[in-house]
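Residues per chain are reported as follows:
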Amino acid sequence: QVQLVESGGGLVQAGGSLRLSCAASGRTVSTYAMGWFRQTPGKAREFVAAIAWNGVSTYYADSVKVRFATSRDNAKNTVYLQMNILKLEDTAVYYCASTRTGVDRYYAPRGVREYVYWGQGTQVTVSS
């Protein structure tokens, strides 16, 4: 039974930075990709970033490329999302998610349907 616990959200001024963390527990040691998604009221969950098991292959939505960076520490079963130059439109609940185990170690998908385990979400609010 896999559980993902997110932390690091909060209130930040536009132009500032936050780092989100996502810790996984209860899973077998095996390859899996991790993704970050965000959601605002009345809207569908939106892809933000993803990272493959290798910790090198990363993928970003056009709206956050350059500004955001995701990384992972497999020994700690933890994934991070560094968020820089935050904008008002970045305000959302952010979720981390995991694919099933045993996937390609060099690839991470972008689609919501590819992820089977989800964190509880953490609120990020950007103020002017």
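The shown structure was predicted, so the numbers you read here are calculated from the model rather than taken from an experiment.

Draft legend 1. Broad picture of the pattern of salt bridges. Inspection of the entire model under this criterion finds four salt bridges. What emerges from the salt-bridge pattern is a single network uniting Arg38, Glu46, Arg67 and Asp90.

Draft legend 2. Examining the nonpolar core more closely. By size, the foremost hydrophobic cluster in this structure holds 35 residues, and its most contacted members are Met34, Trp36, Val48, Phe68, Leu81, Met83 and Tyr94. Contributing elements (two or more residues each) for this core: strand 3 (18-25), strand 4 (34-39), strand 5 (46-51), strand 8 (78-83), strand 9 (92-98) and strand 11 (122-127). Here this core takes five residues from strand 5, the largest share from any one element.

Draft legend 3. Geometry of the pairing of strand 4. Most of strand 4 is tucked away: five of the six residues are buried. In this sheet, strand 5 lies alongside strand 4 in antiparallel orientation, the contact comprising five bridges. Following the sheet pairing, Arg38 is matched in strand 5 by Glu46. Linking strand 4 to strand 5, which pair antiparallel, is a turn of six residues; within it Gly42 sits at a positive phi near 80°. Where strand 4 meets strand 9, six bridges bridge the pair, whose relative direction is antiparallel. Directly across from Met34, in strand 9, lies its bridge partner Ser98.

Basis of the calculations
- Residues numbered from 1 in each chain as written.
- Predicted model: local features only at pLDDT ≥ 70, side-chain atom pairs only at ≥ 80, totals over all residues.
- Heavy atoms only, no water.
- Salt bridge = Lys/Arg side-chain N within 4 Å of Asp/Glu carboxyl O.
- Core = buried A, V, L, I, M, F, W, Y, C linked by side-chain atoms within 4.5 Å.
- Buried < 20%, exposed > 50% of the residue type's maximum accessible area, 1.4 Å probe, protein only.
- Helix = DSSP H or I, 4+ residues; strand = E, 2+ residues; numbered from the N terminus.
- Pairing = 2+ DSSP bridges.

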